[in-house]
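So you can see what is in the structure, the chains are spelled out below.
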Amino acid sequence: MNEKTFSEELRAWADINLLNCIGVDECMKACPVADPSLTINDLNESTRDGGKVSAESLKFATDCVQCGRCDPVCPTGASRSVMALRLKEKMVDRGSAPDYHSKYFALKGYDKSWVRRKGFSHAMKTKWKFSDRERARLLAKHIDKEDFAKSEYLFYFGCYIFSKEESTVQTLAIAEKLGIDYEVLGGLTTCCGWPSLMAGRTDEAEIYHKRLSEDVKKSDPKYVVTGCAECFSSLRKIKEKYNMAFTPLTTPMWLNMFDDKLGLLKSDEKVTYHDSCHISRKAGLPKPARDLLGKMNDIVEMKRSGAKDTYCCGYWGLGGDPKIIDGIARSRFEEAKETGADTMIVECITCLEQFNGKEKENPGVKVRDIVEFVYSRMNIE
Amino acid sequence: MKRYVIIGSGVAGVTAAEELRRRDADAKITIFNNEPFPNYFRAALAFYIKDIVSEEELFGKPPEWAVDNHIHLVNDKVHVIKIGEKEIVTEKGYVEPYDALLIATGASAFKPPVNGASLDGVMTYRTLVCVNRTLDFIRKRRAKTAVLVGGGILGIEMAENLHSLGLDVTVLERGSRIVELLFDETGSSIVKSEMERDGVTVMTSVETDEITGENGIVTGVTLKSGETIPADLVIFAIGVRPVTTILENTLIKVDRGLVVDERMKTNVDGVYGAGDVTLRHENGEMKPCRTWLTAARQGITAAINMTGGDEKFTEIFFNASHVYKSFYAIVGKFNSAEGDGVSHLVLPCCEGGYSKLVFENKKLVGGQFIGAIRHAWQVYHALEQNLDIDPATLSIPEGEELIKGLPALPNHII
Ligand SMILES: Cc1cc2nc3c(=O)[nH]c(=O)nc-3n(C[C@H](O)[C@H](O)[C@H](O)COP(=O)(O)OP(=O)(O)OC[C@H]3O[C@@H](n4cnc5c(N)ncnc54)[C@H](O)[C@@H]3O)c2cc1C
Ligand code: SF4
């Protein structure tokens, strides 16, 4: 086990990156949110221990979506995204973190609002009982549950178990068709800690990671599968930190293991694929989703794609500047349109929700989830 | 109230000042600076030349830095150090007493005393001033061809800059291969072929005899072989010399550089050194500084000791930057040759890249990398955590970029 706290680890990494920064400004040129007038010297001074935080850097820290576009472009191999996380942390230390985070936590859950969270889960279950039988059948019993059977696969849905998208239900429907042995972990009690991180609350993230590691242990799975890129990052993190034996998988990685059983139907329609920053870039896994899609369709790549170059979806805008967030999403739709494909496939539920929310303003490209796409092309029986 | 004086506002000097301030909130800290610009990112000069960063963006600290941190930044050259009186005197006649003094005067580019070295259009590559002078010269003279004397890392960097400005560039290297201090033969040849693909001429095993000129302006370089290479611009990049002129008539020991011990202390009480000006005693060897991160770290070590702490300078050497159009990194004992317990492991990495790990008696000790600089940080973290790494367990899984079997970094996970 790695003895350092998450915060210590980040700080050590940010510190050496700062010392090593030679000021070439490549990170800021690659960044989708930084204002061009923000200089590296201001940012470094704001980030370093003891340095004064400027108003410009504070806005930047709030807007940073942690996409990591800044990381591969640095000739010193430094990670501005980690330095930005350190700046977010500093913002919390100074008490100047904007309050949208607390609104988010009121719903998504931190220990203090336990009662409210239970209430939320209950309300969702009741709603599904009357309106959505599939959800009631497949999902309701797993929400915030305590007891788990030992199983080979654990589907980790975290807070997106409540998502209105079909991804969760279809994932389990596929699992049932494949006849695999699985458990499900989801609900507000099993947050992956990502919202805390985005808010610079690393101590909170640490608590969530610890709890997640304990929850995962309960079913002692060989594989933990998730359709959310941030959840996937947290799984990789706890595996490393707590020396756990499971293998974290994205949904495409999981589906690729069964490609001979899925009976995927081919089509001539060209599709384009939006890489998740966390999966393609940070985890360095741009291939699995492409392999999976390649079994059904031809992929036409967007101008900015793959591990190094992919561009953020704009996230769901956890309080960042809405003008920036909308602009980012729009540029993604435009690039997708330029490929000539009518469909843009995504593998991460966060990207999916973000794009679906912006589809009306950006007509011409249909956004589809990779699980839903596979589901529609399966020919199992 | 303690008084600290720092000579030189390069990275070693300013990082020391920040550390002094962190450790002593009340001290009087004064930095003297000899360039017309305060601290700037020297290592980003290439990006300034290529017009990617502006002069303003080149500054290493925000304009309010000195005021915010209560540091007196004085633009005046230190002229004399009076060890007995514990004070310094500047060119303008300003006297500043100190309790502890840090000499961080850096290094200057070396121009050899060959014929023609003082002709107009014969330049070096170290400061913003000399870069601006070079750019002016190119513009005014409409320079089309350039010769770089020296195939080290800075020579190659300047060759790239000038090539991107549209000049026809030739690099002259005395040794048998370029960037010899950083890479093994494979590494050097990767860089060389990248340059040649771009049309940059690289000549190795050639020696410069003299610089030719007409009407006081450079026209070319004559080699010892008798061959003359015409050039509108000649740049010497054959190494640097520590700036020690102000130490000449003092008791402070200089031997090709300011001599410091592991605590960055000189032979004189209360006088410290950090950065490119120093030569450091380490295990019977004399080590120059040469790089940005080492200079910054030395500044920190010096500051800790100046404020009464007791800290030895130790580092896992790390240097990463750009070489021609690629990124490179060198870590730890990156240049130990094979044999005598030392073995190398070359991993397949990326197109046009190089990833070589160095083991000493089966223990990972360093590596050299072109393109694959994330591997370099993985090695750095393995060294930092003192991990036992068995070379046989290392691999790069298909479709992935990182070395499996070495630690991942926070930014790969979060
Ligand atoms: C073009 C270029 C590119 C480089 N690129 C890289 C890179 O990519 N990566 C890397 O690691 N390293 C790089 N280096 C090396 C790196 O920049 C140096 O190692 C580092 O700057 C050393 O810092 P320093 O503070 O010791 O010295 P300096 O930066 O030289 O600063 C010393 C300062 O002291 C001042 N001074 C001298 N005498 C006096 C006096 N009597 N009174 C007052 N002030 C005085 C000088 O004017 C100067 O401003 C590069 C160097 C150059 C020139
Ligand atoms: S992580 Fe993304 S948003 Fe944050 S600094 Fe880097 S490029 Fe900008």
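Before reading on, note that the structure itself is shown above.
Note that the structure is predicted; figures quoted are calculated from it, not measured.

### Focus on the interface of chain B and chain A
And then number 1: Between chain B and chain A, the contact holds 45 residues from the first and 52 residues from the second.
And then number 2: In total, about 3800 Å² of surface goes out of reach between chain B and chain A, with carbon and sulfur atoms giving 60% of it.
And then number 3: When the buried area of chain B at its contact with chain A is split by residue, B:N411, B:I413 and B:I414 rank highest and sum to 20% of it.
And then number 4: Of the charged contacts in the structure, one is a salt bridge between A:R48 and B:E18, with a shortest N-O distance of 3.2 Å.
And then number 5: Taken together, the connections running from chain B to chain A amount to 12 residue pairs in polar contact (both at pLDDT 80 or more).
And then number 6: Listed by contribution, the elements that provide at least two residues to the side of chain B that touches chain A are α1 (11–23), α3 (65–68), α7 (292–306), β22 (318–323), β23 (326–332), α8 (373–384) and α9 (410–413) of chain B.

### So, the site of ligand 2
And then number 1: Close to ligand 2 lie A:C31, A:P32, A:V33, A:F60, A:C64, A:V65, A:Q66, A:C67, A:G68, A:R69, A:C70 and A:S81.
And then number 2: In the shell around ligand 2, the residues fall into 8 nonpolar, 3 polar and 1 charged.

### Points about the sheet that holds strand β3 (residues 71–75) of chain B
Residues and elements named next belong to chain B.
And then number 1: One open sheet accounts for 5 strands, arranged β3-β2-β1-β7-β19; its pairing is parallel. Each edge of the sheet is formed by a strand with only one pairing partner; in this case those strands are β3 and β19 (271–273). Ignoring which end each strand starts from, the neighbouring axes of this sheet average 20° apart.
And then number 2: Where strand β2 (residues 28–33) lies against β3, 5 bridges are found, and the strand directions are parallel. Considered in β3, the bridge of T30 is made with H72.

### Here we look at the site of ligand 1
And then number 1: What surrounds ligand 1 is a group of 33 residues, the closest being B:E35, B:R42, B:R126, B:D276 and B:S321.
And then number 2: Chain contributions to the surroundings of ligand 1 come from chains A and B.
And then number 3: Interatomic distance of 3.1 Å between a backbone N/O atom of B:R290 and an oxygen atom of ligand 1.
And then number 4: Looking at the shell around ligand 1, its residues break down into 15 nonpolar, 11 polar and 7 charged.

### Considering the pairing of strand β4 (residues 247–250) of chain A
Residue and element names in this part refer to chain A.
And then number 1: Note that strand β3 (residues 223–226) and β4 share 4 bridges and pair parallel. Its bridge partner being in β4, V224 is matched across the sheet by P248.
And then number 2: Chirality of the crossover, the property in question, places the unit of β3, helix α12 (residues 229–241) and β4 among those that are right-handed.

### Section: the nonpolar core
And then number 1: Core analysis: the largest hydrophobic core is formed by 237 residues, its most contacted members being A:F155, A:W254 and B:I81.
And then number 2: Filtering out sequence-adjacent residues up to four positions away, A:F155 remains in contact with A:T171, A:L172, A:A175, A:I180, A:Y182, A:E183, A:V184, A:L185, A:V225 and A:W254.
And then number 3: Listed in part, the 15 residues of the second largest apolar core include B:L119, B:V147, B:I229 and B:A231.

### Brief notes about unusual backbone geometry
And then number 1: Even without a glycine there, the phi angle at A:N243 is positive, about 50°.
And then number 2: Residue placement: A:N243 occurs in the loop between α12 and β4.
And then number 3: In this structure A:N243 comes out as exposed when scored by relative accessible area, which is 60%.
And then number 4: Positive phi values are uncommon outside glycine, yet B:V179 reaches one of about 35°.

### So, the sheet that holds strand β15 (residues 228–230) of chain B
Residues and elements named next belong to chain B.
And then number 1: Taken together, 3 strands build an open sheet; the order of strands is β13-β14-β15 and the sheet is antiparallel. Each end of this open sheet is capped by a strand with a single partner; those strands are β13 (208–214) and β15. The mean inter-strand angle of the sheet, taken between neighbouring strand axes irrespective of direction, is 30°.
And then number 2: Across 6 bridges, the pairing between β13 and strand β14 (residues 217–223) is antiparallel. The partner of T212 across the bridge, within β14, is G220.

### Some thoughts on the packing of helix α9 (residues 167–178) of chain A against helix α20 (residues 370–377) of chain A
Residue and element names in this part refer to chain A.
And then number 1: Orientation of α9 relative to α20, taken along the N-to-C sense of each, is 45°, at an axis distance of 9 Å. On the basis of their axis angle, the class for α9 and α20 is oblique. Crossing of α9 over α20 shows left-handed handedness. On the side of α9, the interface is formed by S167, Q170, T171, A173 and I174, while α20 contributes V371, E372, V374 and Y375.

### What to know about the environment of A:G364
Residue and element names in this part refer to chain A.
And then number 1: As for its position among the elements, G364 is in the loop between α19 (349–356) and β8 (366–369).
And then number 2: Classification of G364 by relative accessible area gives exposed; the value is 57%.
And then number 3: Between the alpha carbons of G364 and T343 there is a distance of 8.8 Å; along the sequence they are 21 residues apart.

### Regarding the environment of B:G366
And then number 1: You can see B:G366 is positioned in strand β26 (residues 363–370).
And then number 2: With 219 residues separating them in the primary sequence, B:G366 and B:V147 have C-alpha atoms 34 Å apart.

### Let's talk about the packing of helix α1 (residues 6–20) of chain A against α7(B)
And then number 1: Closest axis-to-axis distance for the α1(A)/α7(B) pair is 8 Å, and the angle between their directions is 110°. With respect to each other, α1(A) and α7(B) are oriented roughly perpendicular. Only B:W292, B:L293, B:A296, B:R297 and B:I300 of α7(B) make contact with α1(A), whose side of the interface consists of A:I16, A:L19 and A:N20.
And then number 2: Counted by class, the contact of α1(A) with α7(B) contains 6 nonpolar, 1 polar and 1 charged residues.

Thresholds applied
- Residues numbered from 1 in each chain as written.
- Chains lettered and ligands numbered in written order.
- Predicted model: local features only at pLDDT ≥ 70, side-chain atom pairs only at ≥ 80, totals over all residues.
- Heavy atoms only, no water.
- Contact = heavy atoms within 4.5 Å.
- Buried area = accessible area lost by both parts, 1.4 Å probe.
- Salt bridge = Lys/Arg side-chain N within 4 Å of Asp/Glu carboxyl O.
- Polar contact = N/O pair within 3.5 Å; in protein donor to acceptor, adjacent residues only side chain to side chain.
- Helix = DSSP H or I, 4+ residues; strand = E, 2+ residues; numbered from the N terminus.
- Near = heavy atom within 4 Å.
- Nonpolar A, V, L, I, M, F, W, Y, C, P; charged D, E, K, R; others polar.
- Pairing = 2+ DSSP bridges.
- Axes fitted to C-alpha atoms, helices over the stretch in contact; angles between N-to-C directions.
- Right-handed = clockwise from strand over helix to strand, strands pointing away.
- Core = buried A, V, L, I, M, F, W, Y, C linked by side-chain atoms within 4.5 Å.
- Buried < 20%, exposed > 50% of the residue type's maximum accessible area, 1.4 Å probe, protein only.
- Parallel < 35°, antiparallel > 145°, perpendicular 65-115°, else oblique.
- Left-handed = near helix turned anticlockwise from the far one by under 90°.

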